[in-house]
Amino acid sequence: MTAVRKIAEAAEQRVDDVRQEYAPEGEHPIGSYAVLLSVYGAMVAALGFVVAKRRKLPERFDGRDFVLVGVATQKLSRLVSKDSVGAAIRAPFTRFEAATGEAEVHEEVRGSGLRHAIGELLTCPFCLSVWIATIFSFGLVLAPRATRFAASVLAAVTLSDSLQFTYSRLQSAEHKG
């Protein structure tokens, strides 16, 4: 057995031991989470490299961009993780459980290993928001006009949704009163 193979097997055993100690009763694919974290880290490193070659990072975010990116991140993470139409993206990793609200669904993650970890990421708006905010933030540095445009569309949809819900509540209150 080669030294590299011994090291790989020892590392695999250690990851398995950590997973077992962390969650002896459940499916928590620690190694697959590590893969996703590595992908995220590689994405940040690649974007950072591109920024370093092309531009300088801004000293700070403009307050308007901060709010715009925050609202757009919330909307896009919700669309990807909960929207009925977005089920086409999540379907290989989830199982439909029930409709939960206006054009939203609840899905259970399925599979094991990397499939399960991706399913957890795709069904969690809080988890996705980190990835999306990172992309929007680098977008503001690399392509600010296009990023602001895309973020503005999502922010407008968020405002529209809020107005739709307010209108529905007012109508319900009027019919009850």
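Predicted model only: the values in this text are computed from it and were never measured.

### Comments concerning the overall build of the protein
Across its full length, the protein carries seven helices and two strands. In the protein, the order of α-helices and β-strands from amino to carboxyl end is α-α-α-α-β-β-α-α-α. Radius of gyration (C-alpha) of the protein: 21 Å, far over the 16 Å computed for a compact globule of 177 residues. Projected onto the principal axes, the alpha-carbon positions of the protein cover approximately 75 × 45 × 25 Å. With 177 residues in all, the protein has 26% of them scored as buried. Looking at the protein alone, contacts between residues at least 24 apart form 58% of all its contacts between residues at least 6 apart. With the model as given, the accessible surface of the protein reaches about 12000 Å², and the carbon-plus-sulfur share is 63%. In the protein, the 21 positive side-chain charges and the 19 negative ones have mean positions that sit 10 Å from each other.

### Digging into the packing of helix α6 (residues 125-142) against helix α7 (residues 144-176)
When two helices pack together, you describe them by how their axes are tilted relative to each other and by the distance separating the axes. Interhelical geometry of α6 versus α7 gives an angle of 140° and a closest axis separation of 6 Å. In terms of axis orientation, α6 runs oblique to α7. Contacts between α6 and α7 involve Phe136, Gly139, Leu140, Val141 and Leu142 from the first element and Pro144, Thr147, Arg148, Ala151 and Leu154 from the second. Per-class residue counts for the contact of α6 with α7 are seven nonpolar, two polar and one charged.

### Notes on the nonpolar core
Grouped together as the largest cluster of nonpolar side chains are 18 residues, with contacts concentrated most on Ala72, Leu121, Leu122, Leu128, Phe136 and Ala151. In this view, alanine 72 contacts Phe136, Ala151 and Leu154; residues no more than four positions away in its chain are not counted.

### Some thoughts on the pattern of salt bridges
Proximity of charged atoms lets side chains of opposite charge pair with each other. Throughout the structure, instances matching the rule amount to six salt bridges. Among the salt bridges present, the one from glutamate 104 reaches arginine 78, with a minimum N-O distance of 2.9 Å. On the criterion of sequence distance, the pair formed by glutamate 104 in strand β2 (residues 104-109) and arginine 78 in helix α3 (residues 63-82) is long-range, its members being 26 residues apart. For arginine 78, a relative accessible area of 30% corresponds to the partly exposed category. The partner of arginine 90 in a salt bridge is glutamate 107, and the shortest N-O contact between them spans 2.4 Å. A residue pair is termed long-range when its members are at least 10 positions apart, and arginine 90 in helix α4 (residues 87-90) and glutamate 107 in strand β2 qualify at 17 residues. Judged by its relative accessible area of 9%, glutamate 107 falls in the buried class.

### What to know about the pairing of strand β1 (residues 94-101)
Regular strands show a simple pattern: their side chains alternate between the two faces of the sheet. Relative to β2, β1 runs antiparallel, the two being bridged by six bridges. Directly across from alanine 98, in β2, lies its bridge partner histidine 106. Linking two consecutive strands that pair antiparallel, namely β1 and β2, is a turn of two residues; a positive phi of about 60° is found at alanine 103 within it.

### Considering a nonpolar patch on the surface
Together, Val35, Val39 and Leu114 make up an exposed nonpolar region whose accessible area comes to about 220 Å². In this fold, valine 35 is placed in helix α2 (residues 30-54).

### With respect to the packing of α3 against α7
Contact geometry of α3 with α7 gives a least axis separation of 8 Å together with a crossing angle of 70°. It follows from the interaxial angle that α3 and α7 lie roughly perpendicular. Crossing of α3 over α7 shows left-handed handedness. Where α3 abuts α7, its residues Asp65, Leu68, Val71, Ala72, Gln74, Lys75, Leu76 and Leu79 lie against Arg148, Ala151, Ser152, Leu154, Ala155, Val157, Thr158 and Asp161. A per-class count over the contact of α3 with α7 returns nine nonpolar, three polar and four charged.

Calculation criteria
Residues numbered from 1 in each chain as written. Predicted model: local features only at pLDDT ≥ 70, side-chain atom pairs only at ≥ 80, totals over all residues. Heavy atoms only, no water. Helix = DSSP H or I, 4+ residues; strand = E, 2+ residues; numbered from the N terminus. Rg over C-alpha atoms; globule rule 2.2 N^0.38 Å. Buried < 20%, exposed > 50% of the residue type's maximum accessible area, 1.4 Å probe, protein only. Contact = heavy atoms within 4.5 Å. Areas by Shrake-Rupley, 256 points an atom, 1.4 Å probe, with all protein chains shown as cover. Lys, Arg positive; Asp, Glu negative; His and termini not counted. Charge placed at Lys NZ, Arg CZ, Asp CG, Glu CD. Axes fitted to C-alpha atoms, helices over the stretch in contact; angles between N-to-C directions. Parallel < 35°, antiparallel > 145°, perpendicular 65-115°, else oblique. Nonpolar A, V, L, I, M, F, W, Y, C, P; charged D, E, K, R; others polar. Core = buried A, V, L, I, M, F, W, Y, C linked by side-chain atoms within 4.5 Å. Salt bridge = Lys/Arg side-chain N within 4 Å of Asp/Glu carboxyl O. Pairing = 2+ DSSP bridges. Patch = residues over 30% accessible without salt bridge, like charges linked within 9 Å, V, L, I, M, F, W, Y side chains within 5 Å. Left-handed = near helix turned anticlockwise from the far one by under 90°.

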